[in-house]
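Descriptive analysis of the structure
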Amino acid sequence: MTEPTLAEDPTLDEIRAALAPRIACNAAFDGWSAAAVESSAAELGLDPDVASLAFKGDAMAMVDGWIESVDLELARRLPAEKLNAMKIRDRITALLATRLEIMNPDREALRRAMAIMAMPQNLVRAAKIGWRSADRMWRLAGDTASDFNHYTKRATLSAVYGSTLSVFVNDESPDCDDTRAFLDRRIDNVMQFEKVKAQARARKDYVPSLSRFIGRLRYPA
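A short tour of the structure in this document, coming up. The written sequence of each chain sets the order in which its residues are numbered from 1. Only residues with pLDDT of 70 or above have their local features reported here, since the model is predicted, and side-chain atom pairs are shown and tallied only from 80 upward, although totals for entire chains, interfaces and linings are computed over all residues. Side-chain numbers come from the whole structure's heavy atoms, not from hydrogens or water.

What to know about helix α1 (residues 12-30)
Over its 19 residues, α1 runs only 22 Å from end to end, short of the ideal 27 Å by more than 12%, given 1.5 Å per residue. To get the bend at a residue, fit one axis to the 7 residues ending there and another to the 7 starting there, then take the angle between the axes. Each helix is a run of DSSP H or I of at least 4 residues and each strand a run of E of at least 2, with the numbering of both proceeding from the N terminus. The sharpest bend along α1 reaches about 35° and sits at A24. Residue burial is assigned from relative accessible area. The probe radius is 1.4 Å, only protein chains are included, and a residue is buried under 20% of its type maximum, exposed over 50%, and partly exposed in between. Of all the residues in α1, the buried ones are I15, A18, L19, A20, P21, I23, A24, N26 and A27. Among the residues trailing α1, G31 stands out with phi positive, at a value near 75°. To estimate the expected span of a helix, subtract one from its residue number and multiply by 1.5 Å.

Structure below.
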């Protein structure tokens, strides 16, 4: 992952962005904790007291910052010109597969992050983070839907991504082949769902309008 560099007099937002991917590396040993923040600050040559202000000991804020960094790295690795050359199924597959590739070095940190996100007090916040990532992936894929379809696409992708992560963190197969096979099956499900929706919209578009029909009987063209 390409880590952001710090300016000479960084803001807290810049400090958070620089620390987040490093915290993920240290979270495998220290957990998503103040100790991980302190170790990451030392690596960057930051004052630990200043670094602690960036997350205020909030594990979910650390996880959120890391996922934000993954989103940014994903956009860097798969720019529009690269994705636009692919079919929509291949775009979604590439986005999810590349996302897993980015997170792979920090799988233990991911496992710990998922445990934190699954805590009852964090479920709403975790859902918002998952939705944000799904939205960003669809936008990278070129989706511009603003109707009900906008929400169903993101809900479906969030579910696929979440279930794939559950397989990924425990995958011991060579090159995570089991995860990739699972992902391919889930992508097939998404594409089938999108096809059914398109067919339903097409049928709706061709349903005769009763009011237009009556109007034509009364005022024939």
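Now that the structure is up, let's keep going.
Considerations on the environment of D71
The residue D71 is located in helix α4 (residues 59-77) in this model. For D71 and A134, which are 63 residues apart along the polypeptide, the C-alpha to C-alpha distance reads 9.7 Å. Two residues form a contact once any of their heavy atoms are found within 4.5 Å. With residues near it in sequence (within four places) discarded, D71 still touches R99, R132, S133 and R136. At a separation of 2.8 Å, a polar atom in the side chain of D71 contacts the side chain of R136. Two N or O atoms count as a polar contact when they lie within 3.5 Å, although within protein this holds only if one can serve as hydrogen donor and the other as acceptor, and sequence-adjacent residues are included solely when both atoms are side-chain atoms.

Quick notes on the environment of K56
Its location among the elements puts K56 in the loop between α3 (48-55) and α4. Of the residues examined, K56 reaches a relative accessible area of 70% and is grouped as exposed. With 22 residues separating them along the chain, K56 and A34 place their C-alpha atoms 8.4 Å apart.

Things to note about the layout of surface pockets
Size it by volume and the largest pocket reaches roughly 360 Å³. Those elements that provide at least two residues to the lining of the largest pocket are α4, α7 (107-117), α8 (123-140) and α9 (148-168). Under the convention adopted here, Pro, Cys and the residues Ala, Val, Leu, Ile, Met, Phe, Trp and Tyr are nonpolar, Asp, Glu, Lys and Arg are charged, and Gly plus all remaining residues are polar. Grouping the amino acids of the lining of the largest pocket by side-chain chemistry returns 14 nonpolar, five polar and no charged. The distinction between a cavity and a pocket rests on a 1 Å grid over the protein atoms alone: a 1.4 Å probe fits inside a cavity but cannot get out, while a pocket stays open yet meets protein on both sides within 12 Å along at least five of seven lines, and a residue with an atom within 4 Å of a point counts as lining. Grid points are joined across faces, edges and corners, and a volume is the space filled by probe spheres set on the points. Roughly 170 Å³ of internal volume is contained in the second largest pocket. D13, R16, A17, A20, F55, A61, D64, G65, E68, S69 and L72 together form the lining of the second largest pocket.

Some remarks on α9
The end-to-end C-alpha distance of α9, which contains 21 residues, comes to 30 Å, matching closely the 30 Å that a straight helix rising 1.5 Å per residue would cover. Among the residues making up α9, those that are buried are N149, H150, T152, K153, R154, T156, L157, V160, Y161, T164, L165 and F168. Where α9 begins, the side chain of D147 points an oxygen toward the backbone nitrogen of N149, at a separation of 3.0 Å.

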